[in-house]
Structures are given as C-alpha cells and as structure tokens.
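Summary of structural features
For reference, the chains in residue letters:
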Amino acid sequence: MFIRLARLALVVALSVQAVAMPAVAQELPPVPATLLNASGAVCINVSKKGDVNGAYILASTRDAQADRDMLAWVHRLRWPIATPGEKLRDTWFPMPIGFGGKQPPKIASTCSAPSTSNVR
C-alpha cells in the first residue's frame with residue numbers, strides 16, 4: 001500500500017507541476033479501494049487558503065462510483081496557503097490523476113469554470 005501511495009504522490013506532484021501549480025498538495029488523503037489502479041482527470045479550483053473550491057470530471061474512470069470517489073478524494077486535498085503572485089489560485093486548472101500503477105490520461109492543458117450543475 002505504501003508503494004502505491006508513493007507512486008500516487010509522485011503522479012499527483014508531476015501532474016500538478018505540469019500545469020504550473022507552484023505548490024503541490026500537502027498530505028494525501030486515503031485512497032478508496034474503488035480508485036486503486038484507476039485513472040482520470042478533474043478540473044479543479046484551489047482557493048488562496050489551499051482548499052478545493054470546486055472540481056468536476058474531465059476524463060472519467062469509466063465507473064460512476066469511482067468518479068464520485070475521485071471527486072470526493074480531490075476535495076480532501078489541501079495545498080499550502082498561497083504566496084503573493086501565485087497565478088493558479090482561485091482559477092480553474094486541469095489535474096490528471098493516476099492511482100496505483102495506472103498512468104493518468106493525457107488531457108488539455110487548460111479547463112474553464114463549469115456550469116454550476118457540474119460542480120461539487
């Protein structure tokens with residue numbers, strides 16, 4: 001399990017760095033069993049305080065429960081408080097995620113605010 005979480009931390013860190021997020025998430029929350037060896041992508045909005053303001057699915061895991069679990073997992077992520085000049089706070093950006101040994105999907109380098117019905 002530790003190896004899977006270490007790989008997950010690396011994938012999340014690399015994914016976040018790929019979209020120029022200056023800080024990576026702090027401690028990663030536990031991964032639900034439905035997400036092991038799954039991948040997907042979300043469009044996420046992180047506040048200046050480091051909380052997730054909203055997220056929606058960009059690339060599905062192809063399982064409705066796993067998609068719900070992925071969104072719930074993303075909402076438990078926390079980032080350090082923003083430093084002056086951080087551009088990706090309070091704005092929407094894509095975050096590909098791979099759990100376990102699964103590679104995250106390739107996605108566009110930007111995403112926009114959704115209609116209010118898509119945000120959780």
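Residues numbered from 1 in each chain as written. Predicted model: local features only at pLDDT ≥ 70, side-chain atom pairs only at ≥ 80, totals over all residues. Heavy atoms only, no water.

Quick look at unusual backbone geometry
Convention followed: A run of H or I in DSSP becomes a helix once it reaches four residues, and a run of E becomes a strand once it reaches two; helices and strands are each numbered from the N terminus. Accessibility here uses a 1.4 Å probe with only protein chains present; expressed as a share of the type maximum, an area under 20% marks a residue as buried, one over 50% as exposed, and anything in between as partly exposed.
Non-glycine residue Asn37 carries a positive phi angle of around 60°. Positionally, Asn37 belongs in the loop between helix H1 (2-18) and strand S1 (39-46). You can call Asn37 partly exposed: its relative accessible area is 44%. Of note in the backbone geometry, Arg62 takes a positive phi value of approximately 75° without being a glycine. Locating Arg62 in the fold gives a position in the loop between strand S2 (52-59) and helix H2 (64-75).

Concerning the state of the cysteines
This is how it is decided: Cysteine sulfur pairs qualify as disulfides if the two atoms are within 2.5 Å.
Tallied over the full model, the rule gives 1 disulfide. Paired by a disulfide, Cys43 and Cys111 hold their sulfur atoms 1.9 Å apart. Across the disulfide from Cys43 to Cys111, rotation about the S-S bond amounts to roughly 85°, and the bridge is consequently right-handed. In this pair, Cys43 sits in strand S1 while Cys111 sits in the segment after strand S3 (92-98), placing the two residues 68 residues apart along the sequence. Under the relative-accessibility criterion, Cys111 is labelled buried at 14%.

Description of the confidence of the model for the protein chain
Here is the rule we go by: On a range of 0 to 100, pLDDT expresses the predictor's confidence in each residue. Contacts are assigned to residue pairs that have any heavy atoms within 4.5 Å of one another.
Predicted confidence across the protein chain gives a mean pLDDT of 81, with 75% of residues reaching 70 or more. Within the model, the stretch residues 1-22 combines pLDDT values under 50 with 38 contacts to residues more than four positions away or in other chains.

Here we look at the environment of Val46
Secondary-structure assignment places Val46 in strand S1. Since its relative accessible area comes to 0%, Val46 is described here as buried. Once the C-alpha coordinates of Val46 and Trp92 are considered, the two residues, 46 residues apart in sequence, prove to be 7.7 Å apart.

Remarks on the pairing of S3
Where we set the bar: When DSSP finds two or more bridges between two strands, those strands count as paired.
Taken across its 7 residues, S3 has 7 buried, putting it largely inside the fold. Relative to S3, S1 runs antiparallel, the two sharing 7 bridges. Counterpart to Ile44 in the pairing with S3 is Phe93.

So, the sheet that holds S1
Keep this limit in mind: Fitted lines through C-alpha atoms give the axes, limited to the stretch in contact for helices. The angle between two N-to-C directions lies from 0 to 180 degrees.
Across the sheet, 3 strands lie side by side as S2-S1-S3; this open sheet has antiparallel pairing. A strand with exactly one partner marks an edge of an open sheet, and here the two such strands are S2 and S3. Adjacent strand axes in the sheet meet at a mean angle of 30° when their direction is disregarded. Packing against the sheet, H2 makes contact with S1, S2 and S3, and its axis sits at approximately 150° to S2.

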